[in-house]
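Residues per chain, in single letters:
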Amino acid sequence: MRKSVIAGNWKMNKSPSEAKVLVEALLPLAKESDVEVIIAPNFVSLPSVTAQVKGSKIKVAAQNMCAIESGAVTGETSVLMLKDIGVEAVILGHSERRQYFGETNEIVNKKIALALQHQLIPIYCVGETLEEREGGKFLAIIEQQVKEGLHNISATDMPKVIIAYEPVWAIGTGKVASGEQAEEVHAHIRRVLATLYSQSVADAVTIQYGGSVNPENVKELMAKPNIDGALVGGASLKADSFGALINYNK
Ligand SMILES: O=C[C@H](O)COP(=O)(O)O
């Protein structure tokens, strides 16, 4: 049985002192939750947040990492540094990284492999733009992102990967995909995984939905058979809304 995972991507929000206040409020709410809870603060807050959540059920993710372990790469952060401070997961291939920093499926594939090599959970983001959806080719685009991003990832490692389907047109826009729209893509991703690996590997992979998820729409999404969690942006920045999300089933 695959696990349900709800993750909060704080993006470039919350200073370390603001992060401390938010985590303080989240700790008791996460204790009541029966899904896996991940928060992804900005890099400068990672050391203090990992220390603050130690021993709790909250896991900490980074929002990116370098495709190589170490070296002369100004401004980048190594998987070894993330591991050293207790980070357990990393968001990779987010559409904002693809759009503003030119990340490609090939680069993200290297990062996913490196994360797995160091026992960091990769949260691999895929999703189509509005133009791609309206052009009707969105399933093919997502299939390509899945195949190229997961190139050479073994069947043994694959169940450790979380895939996040985030339609770009739904991110930060308030336009959530309907349960049916999201389920269609999630089922397709699982079919692609079954073809690449096997049905049992495909069945073991957690696939999150992301894009304007909030406490009002989470139940409809989570009720779908292939939706196993959420990657939440805006609604993860407040304790009451993220607390409601991680306890959506209460
Ligand atoms: O990583 C999270 C997503 O980009 C979703 O952001 P949002 O919930 O603000 O739409």
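Residues numbered from 1 in each chain as written. Predicted model: local features only at pLDDT ≥ 70, side-chain atom pairs only at ≥ 80, totals over all residues. Heavy atoms only, no water.

- As named in an unreviewed UniProt entry, the chain is Triosephosphate isomerase, taken from Entomospira culicis.
- Looking at the chain in UniProt, the text filed under Subunit (unreviewed entry) is "Homodimer."
- UniProt annotates the chain under Sequence similarities (unreviewed entry) with the comment "Belongs to the triosephosphate isomerase family." (UniProt positions renumbered as here; feature names shortened; annotations may be inferred.)

## Topic: the packing of aromatic side chains
Logical step 1: Inspection of the entire model under this criterion finds 1 aromatic pair.
Logical step 2: Positioned above the aromatic ring of F101, the side-chain terminus of R97 is 4.0 Å from the ring centre.
Logical step 3: Positioned above the aromatic ring of F138 is the side chain of R133, whose terminal nitrogen or guanidinium carbon lies 3.9 Å from the ring centre. (Phe/Tyr/Trp six-rings, centres within 6.5 Å; stacked < 30°, edge-to-face > 60°. Lys NZ or Arg CZ within 6 Å of the ring centre and 35° of its normal.)

## A word on the pairing of strand β8 (residues 229-232)
Logical step 1: Side chains of β8 alternate between two faces, with G229 and L231 and A230 and V232 buried alike.
Logical step 2: Pairing analysis gives 4 bridges linking strand β1 (residues 5-9) to β8, with the strands arranged parallel. Each residue of the ladder has a partner; that of A7, found in β8, is L231.
Logical step 3: Pairing of strand β7 (residues 206-210) with β8, which is carried by 2 bridges, proceeds in the parallel orientation. (Buried < 20%, exposed > 50% of the residue type's maximum accessible area, 1.4 Å probe, protein only. Helix = DSSP H or I, 4+ residues; strand = E, 2+ residues; numbered from the N terminus. Pairing = 2+ DSSP bridges.)

## Overview of the pairing of strand β2 (residues 36-40)
The side chains of a regular strand alternate, first on one face of the sheet and then on the other.
Logical step 1: Across the 5 residues of β2, 5 count as buried, placing the element largely inside the fold.
Logical step 2: Note: β1 against β2, 5 bridges, orientation parallel. Each residue of the ladder has a partner; that of G8, found in β2, is I39.
Logical step 3: Following the backbone out of β1, through helix α1 (residues 16-32) and into the adjacent parallel β2, one traces a crossover that is right-handed.
Logical step 4: Pairing of β2 with strand β3 (residues 58-62), which is carried by 3 bridges, proceeds in the parallel orientation. Counted as the bridge partner of I39 is V60 from β3. (Right-handed = clockwise from strand over helix to strand, strands pointing away.)

## What to know about the packing of helix α5 (residues 105-117) against helix α7 (residues 138-149)
Logical step 1: Viewed as axis vectors pointing N to C, α5 and α7 meet at an angle of 45°, and their least axial separation amounts to 8 Å. In terms of orientation, α5 lies oblique with respect to α7. Here α5 runs over α7; the crossing is right-handed. On α7, the residues touching N105, E106, N109 and I112 of α5 are Q144, Q145, E148 and G149.
Logical step 2: Residue composition of the contact of α5 with α7, grouped by class: 1 nonpolar, 5 polar and 2 charged. (Axes fitted to C-alpha atoms, helices over the stretch in contact; angles between N-to-C directions. Parallel < 35°, antiparallel > 145°, perpendicular 65-115°, else oblique. Left-handed = near helix turned anticlockwise from the far one by under 90°. Contact = heavy atoms within 4.5 Å. Nonpolar A, V, L, I, M, F, W, Y, C, P; charged D, E, K, R; others polar.)

## Digging into the sheet that holds β8
Logical step 1: If you walk around this closed barrel you meet the 8 strands as β1-β2-β3-β4-β5-β6-β7-β8, and the pairing is parallel. With direction set aside, neighbouring strand axes in the sheet form an average angle of 25°.
Logical step 2: The sheet strands contacting helix α11 (residues 239-246) are β1, β2 and β8, and the helix crosses β1 at an angle near 160°.

## Some thoughts on the site of the ligand
Logical step 1: The immediate surroundings of the ligand are formed by 13 residues, with K11, H94, G172, S212 and G233 found nearest.
Logical step 2: Within the contact set of the ligand, an oxygen atom lies 2.7 Å away from a backbone nitrogen or oxygen of S212.
Logical step 3: G233 is positioned with one of its backbone polar atoms (N or O) 2.8 Å from an oxygen atom of the ligand.
Logical step 4: When the free accessible area of the ligand is taken as 310 Å², the share hidden by the protein chains comes to 94%.
Logical step 5: For the shell around the ligand, the class distribution of residues is 4 nonpolar, 7 polar and 2 charged. (Near = heavy atom within 4 Å. Polar contact = N/O pair within 3.5 Å; in protein donor to acceptor, adjacent residues only side chain to side chain. Areas by Shrake-Rupley, 256 points an atom, 1.4 Å probe, with all protein chains shown as cover.)

## Description of the side chain of S45
Logical step 1: Position of S45 among the secondary structure elements: in the loop between β2 and α2 (46-53).
Logical step 2: For S45, a relative accessible area of 0% puts it in the buried group.
Logical step 3: Not counting residues up to four positions away in its chain, the partners in contact with S45 are K14, S15, P16 and A19.

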